[in-house]
Amino acid sequence: MSHEITHSIKTTAREQYDELSRFVLREMDKQHNLEALIEAKIKDYASEGVKLDREGAIDELVAEACEQMLADAKRESEAYWEEVSGKMKELVESHAVLKRLISNDRDAFKGL
């Protein structure tokens, strides 16, 4: 869904899309040969019988990157909350253990 939303941003908010596209392409180019990615995307579409020009290939790369970024952010968020939940569970369990120890100590000193 985020892939298609990225495409719709191009028509509804062109200036913001262009800014997003420049950012994404700049980041992609740091890690990969951008021209090779563009050519590969054009060839991928051609193998499916779809003619894709350079701009279309760039649009697809940007949309795919945005989709991946959102998926990564979701995974990181889920992992974070899972860790927080685990820590909270440990805290509750520790509290229960301390409560039992205090209760046992009180019982031990009742007869004195």
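Check the entry above for the structure.
Our subject in this report is the structure included herewith. None of the values given here were measured: they were computed from a predicted structure.

Criteria and thresholds
Residues numbered from 1 in each chain as written. Predicted model: local features only at pLDDT ≥ 70, side-chain atom pairs only at ≥ 80, totals over all residues. Heavy atoms only, no water. Core = buried A, V, L, I, M, F, W, Y, C linked by side-chain atoms within 4.5 Å. Buried < 20%, exposed > 50% of the residue type's maximum accessible area, 1.4 Å probe, protein only. Helix = DSSP H or I, 4+ residues; strand = E, 2+ residues; numbered from the N terminus. Contact = heavy atoms within 4.5 Å. 1 Å grid on protein atoms, 1.4 Å probe; cavity = no way out; pocket = protein on both sides within 12 Å on 5 of 7 lines; lining within 4 Å. Points joined across faces, edges and corners; volume = space filled by probe spheres on them. Nonpolar A, V, L, I, M, F, W, Y, C, P; charged D, E, K, R; others polar. Expected span 1.5 Å × (residues − 1). Arc of directions from axis to C-beta.

## Brief notes about the nonpolar core
By size, the foremost hydrophobic cluster in this structure holds 13 residues, and its most contacted members are Val 24, Leu 25, Met 28, Leu 34, Ile 38, Ile 58 and Val 62. Among the secondary structure elements, those contributing two or more residues to this core are α2 (14-31), α3 (34-47) and α4 (54-109). Val 62 has contacts with Thr 6, Tyr 17, Ser 21, Val 24 and Leu 25, leaving out every residue within four places of it along the chain.

## A word on the layout of surface pockets
Reported here for the largest pocket is a volume of approximately 230 Å³. Looking at the lining of the largest pocket, the elements with two or more residues in it are α2 and α4. Taken together, the residues of the lining of the largest pocket sort by class into seven nonpolar, three polar and two charged.

## Some remarks on α2
The end-to-end C-alpha distance of α2 is 26 Å, a good match for the 26 Å that 18 residues give at a rise of 1.5 Å each. When we look at burial in α2, the residues that qualify are Tyr 17, Ser 21, Val 24, Leu 25 and Met 28. All buried residues of α2 fall inside an arc of 100° around its axis, so they share one side. Among the exposed residues of α2, those pointing more than 90 degrees away from its buried face are Glu 15, Glu 19, Arg 22 and Lys 30.

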